[in-house]
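As a plain string of letters, each chain reads:
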Amino acid sequence: MSGTAIPPNDDSAERIERRWAMVAVAIVVIMVVMAVIGGVHQAVMPQSHVETADPRRLHLGGEFIESNLGSTVEPDGSVTVRAIGQQYSFTPDCILAPAGVPVTFRMTSADVIHGFLITDTNINLMLVPGYISTITARFDTPGERHMPCHEFCGVGHEGMWARVKIIDKAEFDRMAADRRRLSCVE
Ligand SMILES: [Cu+2]
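Residues numbered from 1 in each chain as written. Predicted model: local features only at pLDDT ≥ 70, side-chain atom pairs only at ≥ 80, totals over all residues. Heavy atoms only, no water.

1. Some words on the coordination of the copper ion
- The copper ion binds to the protein through His114 (ND1), Cys149 (SG), Cys153 (SG) and Met160 (SD); the donor distances cover 2.1 to 2.4 Å.
- One can describe the donor arrangement at the copper ion as tetrahedral, given that its four donor atoms subtend angles of 93 to 122° at the metal.
- When the donors of the copper ion are listed by position in the chain, the intervening gaps give H-x34-C-x3-C-x6-M. Placement of His114 in strand E6 (residues 114–117) and of Cys153 in the loop between strand E9 (143–148) and strand E10 (161–167) is noted, with a sequence separation of 39 residues between them. (Donors = N, O, S within 2.8 Å, 3.2 Å for Na, K, Ca; no water. Tetrahedral: all angles 85-135°; square planar, octahedral: opposite > 155°, others 65-115°. Helix = DSSP H or I, 4+ residues; strand = E, 2+ residues; numbered from the N terminus.)

Now the structure itself:
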């Protein structure tokens, strides 16, 4: 006896497939709704403040003049680090910061868009010419971290990186007592 096997009259496979298709469509709809809400929100409620710095005049005066770059202790004990990214280096190229206190980075670019990240932390910003990028962080332990540029900025991009040296707070305070701006540039 021989014959063709007749598939069982079962539409469950089709039902499951239709259900998954609906899930996929729902995901797309949710993502579109989120993009629209995000876009409208940004348009009607722009950022509370934007700080600007003219990239052509950074070296002539103001906050990012060379003598003002580096780390400084604020009256409240926190530390502010000011630095510039330019093709193809950071200034200062070795940043000094203490462990255990809030450190605010204020950075900008003198030419094109650069990236600013510090390894083993979640510090990750873009340096956009014309704007000041800020982030506050706290380093728990002393040590040395790397700070590579992570936005392709031209032929020398892969050589654009700096170091961040985290030192003990007491040692940092001692050094800050005799110098207005600190860095570990040799
Ligand atoms: Cu760069």
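There is more to say, and it comes next.
2. Some thoughts on the pattern of salt bridges
- Inspection of every chain in the model, using the stated rule, returns eight salt bridges.
- Residue Asp54 is joined to Arg56 by a salt bridge in which the shortest nitrogen-to-oxygen separation is 3.2 Å.
- One salt bridge in this structure joins Lys169 and Asp173, with 2.7 Å as the shortest N-O distance. On the criterion of helical spacing, the pair formed by Lys169 and Asp173 is a turn pair, its members being four residues apart in helix H2 (residues 169–178).
- With a relative accessible area of 34%, Lys169 lands in the partly exposed category. (Salt bridge = Lys/Arg side-chain N within 4 Å of Asp/Glu carboxyl O. Buried < 20%, exposed > 50% of the residue type's maximum accessible area, 1.4 Å probe, protein only.)

3. Brief notes about the environment of Lys169
- When the C-alpha positions of Lys169 and Ile123 are compared, they lie 20 Å apart, and in sequence the two are 46 residues distant.
- With sequence-adjacent residues up to four places away left out, Lys169 is seen in contact with Pro98, Ala99 and Val101.
- A polar side-chain atom of Lys169 sits 2.7 Å from a polar atom in the side chain of Asp173. (Contact = heavy atoms within 4.5 Å. Polar contact = N/O pair within 3.5 Å; in protein donor to acceptor, adjacent residues only side chain to side chain.)

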